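Tertiary structure, described
Below are the chains, spelled out letter by letter.
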Amino acid sequence: MKVRTMILAAALSLAPGLLNAQFDFTLFDKSFQIHSFASQGFAYSNDNNFLTMNTSKGSFAMTDGGVNISTQLTDKFRVGAQVYDRNVGQLGDWHPQLDWAYGDYRFKDWFGIRAGKVKTALGLYNDTQDAEALNTWALLPQSIYPLDLRSSTIAHTGGDVYGEIPLHKLGSVSYTAYYGARSFDKYGGTDYLAADQGIPIFHDSGKTRGIDMRWNTPVTGLMLGGSFADLSEDRNGEWTTCLQCTFSIPGAYYRQDAVPDYITSAYGDYLHGKWHFAGEFRREQQTFNITSAAFSGVFVYNGSNQSVFGSAAYRVSKLLELGAYNSRFYFDQPNNPANTASSHIFDQVATVRIDLKKWWSVKIEGHFMDGYGDVYSAHGFYTRSNLAGLKPKTNMLVVRTGWSF
Amino acid sequence: MKNSLKFLTAFVGIGIGSTVCAADVKIIANESVGATSISADELKGVFLATKTSLSDGSHVVPVLEKGGPAHEAFLKDYLGKTDSALETYYRSLVFTGKASMPKTLGADAEVVAYVAKTKGAIGYVGADAATEGVKTLEMK
C-alpha cells in the first residue's frame, strides 16, 4: 500500500515535469490547468534528531509534493482542488491529503467568497508554506512555520470572504476573513507529542475564525500585514503508560478543550531591486480545560509562546540567491523553567539557493540552533526521536531540491 | 578632445535612446473591452490578479510576454517586480487556488494576435509593434 502511494505521489508530482511545462487542456469549452510541485531534502545534524527524522545519522526522509487542477467556469467563478502528500521523518507518512478544494465567486474586486476546504490566510507564509519553490529557504523559519505542526492552522473547511480595497495614493488593503472547521493530521506533530507524553489522541476537532489584512503601501515593494485567529479544539483520548511521562493514569479517559487558543501576528515584506526583506512576529495564547474520570474538577493548562523571525535575501544573479534569517521561539508555561534550553529555540540560518532552471532549484542551508523547546511545545524535537535525551545545541545542514510547474 | 566629446555624446545618446525605447510600451486590449484608458493602479491590479474588471465593468484577462525589453520595462514601470519575483507571486496564487497562471507568449506579434482573438484579453507590447485588430489603451 505504502509503495503504491509513493508511486502515485511521485507520478503525480513528476508528470508535468516530464512535460517540462504546466499542463493545460480544454474540456467542454473550458480551459483547465494542472500544476504541481515536489521536493526532496537531506538533513544532517550533529546531535539531536530534528523533525522526527534521524538527522544525526543523515536522513533523506524529507519528501513532499502536491498537484492541483483548476478552471475558470465563468468570468467570476472558479473551482479547483489540490492534493498534497509528504514523508518527513514520521510526519505525513505518505498519507495523501486533500489540501484545498473550493469554489471561488468574485462578485467585485473588493468582495468575493470562497467555500470548501480553503488554505488559511495567517501571517506571511501559512497558506503557501508547502511550496518550497516560493521561498529562498530550504526550511521556513520553524519558530512560526514548524513543519511538524502545519496541520493545526493550514486549512479550514468552511468559507472566506475576501477582497482588495483601493486606497488610491495610499496603496490598497486586501483582506480575508474566514470561518470553518480546522484540519488535524494524525501523522503530525500534535499527535506524536501527545502519544510521547502518554496521552494519545483518539479524536480531535475544532473550529477556527479569523481575519488577515495586508496593506500594499505606496512604497513600491513594501507590504505590511496583520492576522488574528481564534481557534477552538475538542480533543479526547486515554492515558497510557509511558517511559517519559511525569504523570499518568493508564486507562483513564481524558478530554481537553481549548478555551480559547488565540494567535496574533504582525508581519512585513519588502522587495527592493535584488533585495528581499521579510519579518514576522507571532504570539499564541493557549488555555486548555482538561477533565477526566480519574480526577474530579477541571485541570486548567495555561501556556503561551512568542515567535519572531527576520530575513534578508540578495539575488546575486539569475542562478544564485544568498540569504540569512534569525528565527526565535520562546515558550512560556508555568512548569517550564525560564531561560533554559527547554524554554526556547533560537535558529540562525544561512542559505544558498541555486536556480538551475526556472522550475528547478537546489538549496544548501546551515542551521545553528540553541535550545530545543519544551516537552509541551513540539517544534521539531520529539522524545520518540531522541530517546537518549536532548542536547542544548543543534547544528544542521539541509540540502533540498525542488521542482514546480 | 572633440572626438572624445562626440563619442561620449553618442554613447550617452544611445544610452538614453535605449532607456526611452525600453520604457515605452503600449497597453493593448481586445475590442470587447469597453474602456479606452486605464490607470497605472488598475493595470497593476489586473496583472497581479487582484482586479478582474476595469472601471467600465469590462472583464479582463492579462497576457504576458516571456521576456524582452517590453516585458522588462512593463515589470519595472508598472508592477515593481523582477521577473523571478513575479513568477513566484503567480505560483503562490496557483498553489493556493486563488488564480490561474496567466497566458505567457513569446513576442509582440504573438501577444497582438492572441489579444485580438481573445475576449477580455489585455497585454503589453513594444511601442513600435504593429497593433492591428486590437485597441490601444491610453494611460490615465
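Residues numbered from 1 in each chain as written. Chains lettered and ligands numbered in written order. Predicted model: local features only at pLDDT ≥ 70, side-chain atom pairs only at ≥ 80, totals over all residues. Heavy atoms only, no water.

Details of the overall build of chain A
Per the secondary structure count, chain A includes two helices and 18 strands. In terms of overall dimensions, chain A has C-alpha extents of about 60 × 50 × 45 Å along its principal axes. Within chain A, the proportion of its 405 residues that are buried is 53%. Measuring between centres, the 35 positive side-chain charges of chain A sit 5 Å from its 37 negative side-chain charges. (Helix = DSSP H or I, 4+ residues; strand = E, 2+ residues; numbered from the N terminus. Buried < 20%, exposed > 50% of the residue type's maximum accessible area, 1.4 Å probe, protein only. Lys, Arg positive; Asp, Glu negative; His and termini not counted. Charge placed at Lys NZ, Arg CZ, Asp CG, Glu CD.)

Considering the overall build of chain B
Helix and strand counts for chain B stand at five helices and six strands. Reading chain B from its N terminus to its C terminus gives the helix and strand order α-β-β-α-β-α-α-β-α-β-β. Burial analysis of chain B (140 residues in total) assigns 44% to the buried set. By sequence separation, contacts in chain B at least 24 residues apart represent 70% of the contacts at least 6 residues apart. (Contact = heavy atoms within 4.5 Å.)

Remarks on the side chain of glutamine 286 of chain A
All names here are of chain A. Along the chain, glutamine 286 turns up in strand β13 (residues 275-292). In terms of polar contacts, glutamine 286 uses its side chain to reach the side chain of aspartate 261, at 3.4 Å. Here the side chain of glutamine 286 touches glutamate 284 through a polar contact of 3.4 Å, side chain to side chain. With sequence-adjacent residues up to four places away left out, glutamine 286 is seen in contact with Pro260, Asp261, Tyr301, Asn302 and Gly303. (Polar contact = N/O pair within 3.5 Å; in protein donor to acceptor, adjacent residues only side chain to side chain.)

Thoughts on the sheet that holds strand β5 (residues 121-126) of chain B
Residue and element names in this part refer to chain B. Overall, mixed pairing links the six strands, which are arranged β2-β6-β1-β5-β3-β4 in an open sheet. For this open sheet the edge positions go to β2 (37-38) and β4 (103-105), each flanked by a neighbour on one side alone. In this sheet, strand β6 (residues 135-139) lies alongside β2 in parallel orientation, the contact comprising two bridges. What sits directly across from isoleucine 38, in β6, is methionine 139. Along the sheet face, helix α2 (residues 40-47) touches β1 (25-29), β2, β3 (61-65), β5 and β6 and points at about 110 degrees away from the line of β5. (Pairing = 2+ DSSP bridges. Axes fitted to C-alpha atoms, helices over the stretch in contact; angles between N-to-C directions.)

Observations regarding the side chain of histidine 379 of chain A
Along the chain, histidine 379 of chain A turns up in the loop between β17 (360-370) and β18 (393-404). Ignoring sequence-local partners within four residues, the contact set of histidine 379 of chain A consists of Phe50, Gln142, Ser143, Pro146, Asp148, Leu149, Phe329 and Ile345 of chain A.

Points about the interface of chain B and chain A
Residue-level contacts link 25 residues of chain B with 29 residues of chain A. Approximately 2,400 Å² of surface area, both sides summed, lies buried where chain B meets chain A, with 47% of it carried by carbon and sulfur atoms. Broken down residue by residue, the surface that chain B buries against chain A is led by Arg91, Phe95 and Lys98 of chain B, which jointly contribute 29%. Summed over the shared surface of chain B and chain A, the number is four salt bridges. The residue lysine 358 of chain A makes a salt bridge to aspartate 83 of chain B at a minimum N-O spacing of 3.8 Å. Linking chain B with chain A are 16 residue pairs in polar contact (both at pLDDT 80 or more), by the criterion used here. Considering each element in turn, the side of chain B that touches chain A owes the most residues, eight residues, to helix α4 (residues 83-94) of chain B. Residues that form the side of chain B that touches chain A fall into these classes: six nonpolar, 12 polar and seven charged. (Buried area = accessible area lost by both parts, 1.4 Å probe. Salt bridge = Lys/Arg side-chain N within 4 Å of Asp/Glu carboxyl O. Nonpolar A, V, L, I, M, F, W, Y, C, P; charged D, E, K, R; others polar.)

Some remarks on the packing of aromatic side chains
The final tally for this structure, using the stated rule, is 28 aromatic pairs over all chains. For the ring pair phenylalanine 37 of chain A and phenylalanine 95 of chain B, a centre distance of 4.9 Å and an interplane angle of 75 degrees mean the geometry is edge-to-face. Here phenylalanine 37 of chain A, found in strand β2 (residues 30-45), pairs with phenylalanine 95 of chain B, found in the loop between α4 and β4, and the two come from separate chains. Considered together, phenylalanine 37 of chain A and phenylalanine 95 of chain B belong to a single accessibility category, that of buried residues. (Phe/Tyr/Trp six-rings, centres within 6.5 Å; stacked < 30°, edge-to-face > 60°.)

Examining the packing of α2 of chain B against helix α3 (residues 69-79) of chain B
Packing of α2 of chain B against α3 of chain B brings their axes to within 10 Å, and their N-to-C directions diverge by 115 degrees. Residues Ala40, Leu43, Lys44 and Phe47 of chain B of α2 of chain B touch α3 of chain B, and the partners they reach there are Phe74, Tyr78 and Leu79 of chain B.

Describing the pattern of salt bridges
Residues and elements named next belong to chain A. Under the criterion given, the structure shown has 29 salt bridges over all chains. Among the salt bridges present, the one from arginine 214 reaches aspartate 212, with a minimum N-O distance of 2.9 Å. Exposure remark for aspartate 212: the relative accessible area of 2% places this residue in the buried category. Arginine 282 is the partner of glutamate 280 in a salt bridge, and the nearest nitrogen-oxygen pair spans 3.2 Å. Each member of the pair, glutamate 280 as well as arginine 282, carries the same accessibility label: buried. In this structure, a network of salt bridges that share partners links the residues Asp99, Lys119, Asp130 and Arg150.

Points about the confidence of the model for chain B
All names here are of chain B. Per-residue pLDDT for chain B averages 83, and the proportion of residues at 70 or more is 84%. Mean pLDDT per element in chain B: helix α1 (residues 2-23) is the minimum at 41, and β3 is the maximum at 95. Across residues 1-23, where pLDDT falls below 50, the model places four contacts with residues more than four positions away in sequence or in other chains. Both scores are available for the predicted complex, with the pTM at 0.86 and the ipTM at 0.88. (pLDDT = per-residue confidence, 0-100.)

A look at the pairing of strand β5 (residues 97-108) of chain A
Residues and elements named next belong to chain A. Pairing between strand β4 (residues 77-88) and β5: eight bridges, direction antiparallel. Its bridge partner being in β5, valine 79 is matched across the sheet by glycine 103. Here β5 runs beside strand β6 (residues 111-119); their pairing, made up of seven bridges, is antiparallel. In the strand pairing of β6, arginine 106 is matched with glycine 112.

Thoughts on unusual backbone geometry
Residue and element names in this part refer to chain A. Located in the positive-phi region is leucine 51, a residue other than glycine, with phi close to 55 degrees. Take leucine 51: it is sitting in the loop between β2 and β3 (62-72). Using a relative accessible area of 0% as the deciding quantity, one classes leucine 51 as buried. Backbone geometry places threonine 52, a non-glycine residue, at a positive phi of 60 degrees. Residue classification places threonine 52 among the buried residues on the basis of a relative accessible area of 6%.

What about the nonpolar core?
Residues Leu124 and Leu139 of chain A are the most contacted members of the largest nonpolar core, which totals 39 residues. Sorting the residues of this core by element identifies α2 (189-196), β12 (253-272), β13, β14 (295-315), β15 (320-332), β16 (344-357) and β18 of chain A as the ones contributing at least two each. If near-sequence neighbours (up to four positions away) are discounted, leucine 124 of chain A is found in contact with Tyr145, Arg214, Met223, Tyr267, Gly268, Asp269, Ala278, Gly279, Glu280 and Phe309 of chain A. By size, the runner-up hydrophobic cluster in this structure holds 33 residues, among which are Leu134 of chain A together with Ala35, Leu43 and Phe95 of chain B. (Core = buried A, V, L, I, M, F, W, Y, C linked by side-chain atoms within 4.5 Å.)

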